[in-house]
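Structure assessment
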Amino acid sequence: MNTKTFLSKFPTFSKKWGVYQKGIAPLPLGWTVMSDYCLDNPLKQDCITFTISPILGQLQQVAHFLSKKLPRDIKQVRYFSDEELSFLSNKVFFSLVFVIKDKKHLVNMDFLKEDIQKLQSNSFIPEVFRQRLKNFEQSLKSKNLPKKVLQNLSLVSFIFGKIVEFLTIKHYTEEIHWFPDRDSIMTVGNGIIRELSNIQCTNSIAGRRKYPKISIGIENPNTNEFVFDPFTRYPDIITGVFSSIDFESQRVDKVKHLQVLEDVIINNPRIVLFSMDPDKISCVNLRRASCLERKTGSALIGG
């Protein structure tokens, strides 16, 4: 069987994942995937973070535990406590951070349209999903949906599909719980990302192993309550830091970003940075700057 995956072709990722899996052995049959995004903010870097951990227990109990350890989104933080920084460094979490350059030329919308058409012709999908896909396709043709939202939808479903491929092919995964940030990516087309992610995962696995059971945590459509918010706080903080980095000057603009960058991110073997350009995707090594002045700089150097 071909066991190659999209992610395993990056040596930096494979090396860091190897260290991570030894640290949490024995490996689980189920994984939690948490995600957060900063996209289309002209003052920030476009950034997507996916954080992986074993399934840690019953959802409500884990949500309560995470809420105690990370009680605030990064927007609510002025200065991180030592306890918060310590928890962010916990060996159970492994993060993939994608910094995106020139997003409008990175995403080919024709591929998204092709996926929609292919999925509609799949005889195994329920009729209710087929109708949602048909309605979504009509919205694409009428150009009623913002192009940027569609680009983000395509990017997030693509990356999630590659993560599912890796976990399934390399680790015999039976179940994955995905907790994405609640925003327009998850709500556009009546939650069409569920079907798009499904086709990305199916195409990537390509029958090489049994397809895992995937559950997605979303807000209650009747009350708009999002009980899974604590699951997104870890990637929210990591995204907040990376989206605020000026990679040319190697600086961040706030003390809280510098705190996490120095104390959690740099030299962390469980955080992998990917640079996504229109012509290539590459891994970037992170190391501490020896000439750093804490008041004015960041600790980031890519190499």
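Reference entry: report on the structure contained in this document. (Residues numbered from 1 in each chain as written. Predicted model: local features only at pLDDT ≥ 70, side-chain atom pairs only at ≥ 80, totals over all residues. Heavy atoms only, no water.)

A tally of helices and strands in the chain yields 11 helices and 9 strands. Evaluated residue by residue, the chain yields a buried proportion of 52% over its 303 residues. For the chain, contacts bridging at least 24 residues in sequence account for 73% of all contacts bridging at least 6. Carbon and sulfur atoms make up 50% of the accessible area of the chain, which totals about 15200 Å². (Helix = DSSP H or I, 4+ residues; strand = E, 2+ residues; numbered from the N terminus. Buried < 20%, exposed > 50% of the residue type's maximum accessible area, 1.4 Å probe, protein only. Contact = heavy atoms within 4.5 Å. Areas by Shrake-Rupley, 256 points an atom, 1.4 Å probe, with all protein chains shown as cover.)

Throughout the structure, instances matching the rule amount to 2 cavities of 30 Å³ or more. Quantified by volume, the largest cavity comes out at close to 40 Å³. If you trace the largest cavity, you find it lined by Phe-6, Leu-7, Leu-96, Phe-98, Phe-158, Ile-159, Lys-162, Ile-163, Met-276 and Ile-281. Classifying every residue of the lining of the largest cavity by side-chain character gives 9 nonpolar, no polar and 1 charged. Lining the second largest cavity, in full, are Thr-32, Met-34, Ser-53, Pro-54, Leu-56, Val-62, Leu-66, Phe-93 and Phe-231. Those elements giving two or more residues to the lining of the second largest cavity turn out to be β1 (30–38), β2 (46–54) and α2 (59–69). (1 Å grid on protein atoms, 1.4 Å probe; cavity = no way out; pocket = protein on both sides within 12 Å on 5 of 7 lines; lining within 4 Å. Points joined across faces, edges and corners; volume = space filled by probe spheres on them. Nonpolar A, V, L, I, M, F, W, Y, C, P; charged D, E, K, R; others polar.)

In spatial order, the strands read β5-β4-β1-β2-β3-β6-β7; together these 7 strands make up an open sheet with mixed pairing. Bordering the open sheet on either side are β5 (213–216) and β7 (280–284), each of which pairs with just one other strand. Neighbouring strand axes in the sheet, compared pairwise and without regard to direction, differ in orientation by 20 degrees on average. Across 6 bridges, β1 lies against strand β4 (residues 175–180) in parallel orientation. Directly across from Gly-30, in β4, lies its bridge partner Glu-175. Helix α7 (residues 147–171) contacts β1, β2, β3 (94–100), β4, β5 and β6 (271–277) of the sheet and is inclined by roughly 25 degrees relative to β2. (Pairing = 2+ DSSP bridges. Axes fitted to C-alpha atoms, helices over the stretch in contact; angles between N-to-C directions.)

Under the counting rule described, the total for this entry stands at 21 aromatic pairs. Here the aromatic rings of Phe-10 and Phe-274 are separated by 5.3 Å at their centres, their planes lie at 85 degrees, and the arrangement is edge-to-face. In this pair, Phe-10 is assigned in the segment before α1 (11–23) and Phe-274 in strand β6, connecting sequence segments 264 residues apart. Residue classification places Phe-274 among the buried positions, given a relative accessible area of 0%. Through successive ring pairs, a cluster of aromatic residues spans Phe-6, Phe-10, Phe-13, Trp-17, Tyr-20, Trp-31, Phe-94, Phe-98, Phe-158, Phe-166 and Phe-274. (Phe/Tyr/Trp six-rings, centres within 6.5 Å; stacked < 30°, edge-to-face > 60°.)

As for its placement among the helices and strands, Gln-200 is situated in helix α9 (residues 193–205). Using a relative accessible area of 13% as the deciding quantity, one classes Gln-200 as buried. Apart from the residues lying within four places of it in its own chain, the contact partners of Gln-200 are Asp-115, Ser-157, Phe-158 and Gly-161.

What the largest pocket holds in volume is close to 420 Å³. Asp-36, Ile-74, Lys-75, Asp-236 and Gly-240 are, among the 20 residues lining the largest pocket, the residues nearest its centre. Residues belonging to the lining of the largest pocket are distributed by class as follows: 3 nonpolar, 8 polar and 9 charged. Along the wall of the second largest pocket there are 15 residues; nearest its centre are Asn-108, Phe-111, Ser-154, Phe-158 and Gln-200. Every element with two or more residues in the lining of the second largest pocket is listed here: α5 (109–120), α7 and α9.

These figures capture arrangement, not role.
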